[in-house]
Amino acid sequence: DGGITQSPKYLFRKEGQNVTLSCEQNLNHDAMYWYRQDPGQGLRLIYYSQIVNDFQKGDIAEGYSVSREKKESFPLTVTSAQKNPTAFYLCASSIRQGTEAFFGQGTRLTVV
Amino acid sequence: AQSVSQHNHHVILSEAASLELGCNYSYGGTVNLFWYVQYPGQHLQLLLKYFSGDPLVKGIKGFEAEFIKSKFSFNLRKPSVQWSDTAEYFCAVNANTDKLIFGTGTRLQVFP
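**Student:** Just checking my understanding: could you explain the overall build of chain B for this structure?
**Tutor:** Each helix and strand counted, chain B has 0 helices and 12 strands in total. Shown N-terminal to C-terminal, the secondary structure of chain B runs as helices and strands in the order β-β-β-β-β-β-β-β-β-β-β-β. Whereas a compact globule of 112 residues would reach a radius of gyration of roughly 13 Å, chain B reaches 13 Å, a difference of no more than 12%. Dimensions of chain B along its principal axes, counting C-alpha atoms only, are 40 × 25 × 20 Å. Counting across all 112 residues of chain B, residues that qualify as buried make up 47%. Excluding contacts between residues fewer than 6 apart, the proportion of contacts in chain B whose partners are at least 24 apart in sequence is 55%. With an accessible surface of roughly 5,300 Å², chain B has 52% of that area assigned to carbon and sulfur atoms. Separation of charge centres in chain B, based on 9 positive and 8 negative side chains, amounts to 3 Å.

Here is the structure:
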């Protein structure tokens with residue numbers, strides 16, 4: 001089936017540890033995005049990538065890092081520098097920047 | 001900076017009532033506009049989109065939205081809501097093929 005796969009669905013980490021969230025798409029989309037969803041704040045853009053080996057910071061990039069070595073993969077690392085990492089993280093992709101985005105099921109990260 | 005405002009944070013309706021959710025954006029150039037819905041426990045999915053042409057666009061499940069350029073608005077409407085419309089609704093804007101920005105969302109509860 002075509003789509004966007006985020007894994008794992010739930011993730012628990014101790015404070016001070018880096019953690020990497022996986023996002024894979026088999027839609028042959030050029031653009032990929034990472035959002036963070038918090039109650040009452042909607043979706044806030046962390047990073048986005050329009051093409052392989054290129055990515056840009058979104059509105060809340062501090063404490064996060066990404067890579068785009070392959071078209072189908074856009075992993076997000078939540079570093080220990082992120083002050084409030086517990087959240088629901090959503091990955092999305094679109095054919096190109098500006099078109100309809102398709103979303104994964106999300107990863108709920110809890111840092112204790 | 002590009003931004004999206006959704007003024008209705010929580011809307012409660014009875015079945016068969018009419019719905020209108022507001023969305024305003026702050027960008028004077030070319031925009032692509034979207035409404036997404038997130039049903040409880042499900043991933044975000046597209047309700048409708050506007051790129052150009054007829055400013056009244058129809059989406060899935062009886063939803064429609066009207067783009068009013070002079071008001072920088074893209075309000076979502078449905079003439080008669082159903083209990084199954086209970087969900088969170090997000091307006092999103094892509095300005096000049098740049099990043100996709102979301103509003104804070106509106107939580108809709110429909111009671112039978």
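**Student:** Looking at this model, I keep getting lost on the layout of surface pockets. Mind explaining?
**Tutor:** Picture a little ball the size of a water molecule; that probe, rolled over the atoms, points out where space is still empty. Size it by volume and the largest pocket reaches roughly 530 Å³. For the largest pocket, the lining is made up of 22 residues, of which Gln37, Phe88 and Arg108 of chain A together with Gln38 and Gly41 of chain B are closest to its centre. Partitioned by chemical class, the residues of the lining of the largest pocket number 8 nonpolar, 9 polar and 5 charged. Empty space within the second largest pocket amounts to approximately 160 Å³. In terms of lining, the second largest pocket is formed by 15 residues, of which the most central are Glu15, Gly16, Gln82, Pro85 and Val111 of chain A. Looking at the lining of the second largest pocket residue by residue, the classes come out as 4 nonpolar, 7 polar and 4 charged.

**Student:** I would appreciate a short explanation of unusual backbone geometry in the present structure.
**Tutor:** What is expected of a backbone is that most residues other than glycine have negative phi and most peptide bonds are trans. Geometrically, the link from Ser7 of chain A to Pro8 of chain A is a cis peptide bond, its omega value of -10° lying close to zero. Tracing the chain through its elements places Pro8 of chain A in the loop between β1 (4-7) and β2 (10-13). The backbone of Ala16 of chain B sits at a positive phi, close to 80°, despite the residue not being glycine. Topologically, Ala16 of chain B is positioned in the loop between β2 (10-14) and β3 (19-21). The phi torsion at Phe72 of chain B lies on the positive side, around 50°, for a residue other than glycine. With respect to the secondary-structure elements, Phe72 of chain B resides in the loop between β8 (64-68) and β9 (73-78). By relative accessible area, which is 35% here, Phe72 of chain B ends up partly exposed.

**Student:** Mind showing me how you'd approach the interface of chain A and chain B here?
**Tutor:** Note: interface size is frequently given as the accessible area lost on complex formation between the parts. Every contact between the two is made by 20 residues of chain A and, on the other side, 21 residues of chain B. For the pair chain A and chain B, the summed buried surface comes to about 1,600 Å²; carbon and sulfur atoms form 53% of the total. On inspection of chain A and its partner chain B, the count reaches 2 salt bridges. Between Lys49 of chain B and Glu100 of chain A there is a salt bridge; the shortest N-O distance is 3.4 Å. Those elements giving two or more residues to the side of chain A that touches chain B turn out to be β4 (31-38), β5 (42-51) and β9 (87-94) of chain A. Its residues assigned to classes, the side of chain A that touches chain B shows 9 nonpolar, 9 polar and 2 charged.

What counts, and where the lines are drawn
- Residues numbered from 1 in each chain as written.
- Chains lettered and ligands numbered in written order.
- Predicted model: local features only at pLDDT ≥ 70, side-chain atom pairs only at ≥ 80, totals over all residues.
- Heavy atoms only, no water.
- Helix = DSSP H or I, 4+ residues; strand = E, 2+ residues; numbered from the N terminus.
- Rg over C-alpha atoms; globule rule 2.2 N^0.38 Å.
- Buried < 20%, exposed > 50% of the residue type's maximum accessible area, 1.4 Å probe, protein only.
- Contact = heavy atoms within 4.5 Å.
- Areas by Shrake-Rupley, 256 points an atom, 1.4 Å probe, with all protein chains shown as cover.
- Lys, Arg positive; Asp, Glu negative; His and termini not counted.
- Charge placed at Lys NZ, Arg CZ, Asp CG, Glu CD.
- 1 Å grid on protein atoms, 1.4 Å probe; cavity = no way out; pocket = protein on both sides within 12 Å on 5 of 7 lines; lining within 4 Å.
- Points joined across faces, edges and corners; volume = space filled by probe spheres on them.
- Nonpolar A, V, L, I, M, F, W, Y, C, P; charged D, E, K, R; others polar.
- Buried area = accessible area lost by both parts, 1.4 Å probe.
- Salt bridge = Lys/Arg side-chain N within 4 Å of Asp/Glu carboxyl O.

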